[in-house]
Amino acid sequence: MDLTQFMLDLFGPYGEPGVVLMVFLAFLVDAILIPFLPEIFIILGFSYNPVPAFGAVLIIIAIVAECLGNCMLYYLVKKIRVPKKVQSFVNKYVDFLLLSDERVLLVNRIAPMLPYSGAIIGLTEKWKLSKALFYISLGCVLKYGLILSMSSVFYAFFSSSMASIMMIAFVLTLLTISMCLSYIRQRRMSAKKGDTINPDTDNCEEE
């Protein structure tokens, strides 16, 4: 039995509250621990009652879980003594990104580059938690709003089973695009880092 079916079997019998709890836990685990494919869980939850009002509830729950998870990691790194070297590395890493302020958390929804973003928010000196949470919330509204809007279209024009298949295919396509964009950004960051290092190397050779 796969994880998604297990979650549906576990929470589905409790109706909409159970489905909402399932989506909340999926997003919370994704924000705190490991990538948990919350996109799959939100469309599974939406398939239980594919109407706009329930979709809006799921998006709100996703925002709450994301903000809670990020706040937990944020306050954790603020409470413990993180080595200076780690904090310095995080700040240098953020500086190499295309956007080095909180707006990168919005881009992170499309091209993931910041795992454990709550911890990074806490370790990045120039970032503010309130501003970071705003962009995290905005990213949730835009990304999952698009996913559930497309899901509504599929359910309107196709049978329930076919709509579910098409929705999963759509989400997997989005995930593939996200991974490709993330890879491209990593390559560009590596090239940027190399360009920064090379001038110093050339100067040393000339000397």
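Use the structure listed above.
Let me begin by describing the structure that accompanies this report. A quick note: this is a predicted structure, and the numbers were derived from the prediction, not measured.

### Considerations on the pattern of salt bridges
- Scanning the entire structure with this criterion turns up 4 salt bridges.
- With a shortest N-O distance of 2.7 Å, Lys143 and Glu39 are connected by a salt bridge. Of this pair, Lys143 sits in helix H8 (residues 129-157) while Glu39 sits in helix H3 (residues 38-48), placing them 104 residues apart in sequence.
- Arg103 is paired through a salt bridge with Asp101; the nearest N and O atoms lie 3.0 Å apart.
- The class for Arg103 is partly exposed, based on a relative accessible area of 39%.

### Notes on a nonpolar patch on the surface
- Together, Ile110, Ile177, Leu181, Tyr183 and Ile184 make up a nonpolar patch on the protein surface, roughly 460 Å² of accessible area in all.
- Within the secondary structure layout, Ile177 lies in helix H9 (residues 160-206).

### Looking at the side chain of Ser117
- Positionally, Ser117 belongs in helix H7 (residues 117-123).
- With residues up to four places along the chain from it excluded, the contact list for Ser117 reads Asn70 and Leu105.

### A closer look at the packing of helix H2 (residues 15-32) against helix H4 (residues 52-79)
- It is at 8 Å that the axes of H2 and H4 come closest, and there the two elements cross at 35°. The crossing of H2 and H4 is right-handed.
- A breakdown of the residues in the contact of H2 with H4 according to their chemical character gives 18 nonpolar, 2 polar and 3 charged.

What counts, and at which threshold
Residues numbered from 1 in each chain as written. Predicted model: local features only at pLDDT ≥ 70, side-chain atom pairs only at ≥ 80, totals over all residues. Heavy atoms only, no water. Salt bridge = Lys/Arg side-chain N within 4 Å of Asp/Glu carboxyl O. Helix = DSSP H or I, 4+ residues; strand = E, 2+ residues; numbered from the N terminus. Buried < 20%, exposed > 50% of the residue type's maximum accessible area, 1.4 Å probe, protein only. Patch = residues over 30% accessible without salt bridge, like charges linked within 9 Å, V, L, I, M, F, W, Y side chains within 5 Å. Areas by Shrake-Rupley, 256 points an atom, 1.4 Å probe, with all protein chains shown as cover. Contact = heavy atoms within 4.5 Å. Axes fitted to C-alpha atoms, helices over the stretch in contact; angles between N-to-C directions. Left-handed = near helix turned anticlockwise from the far one by under 90°. Nonpolar A, V, L, I, M, F, W, Y, C, P; charged D, E, K, R; others polar.

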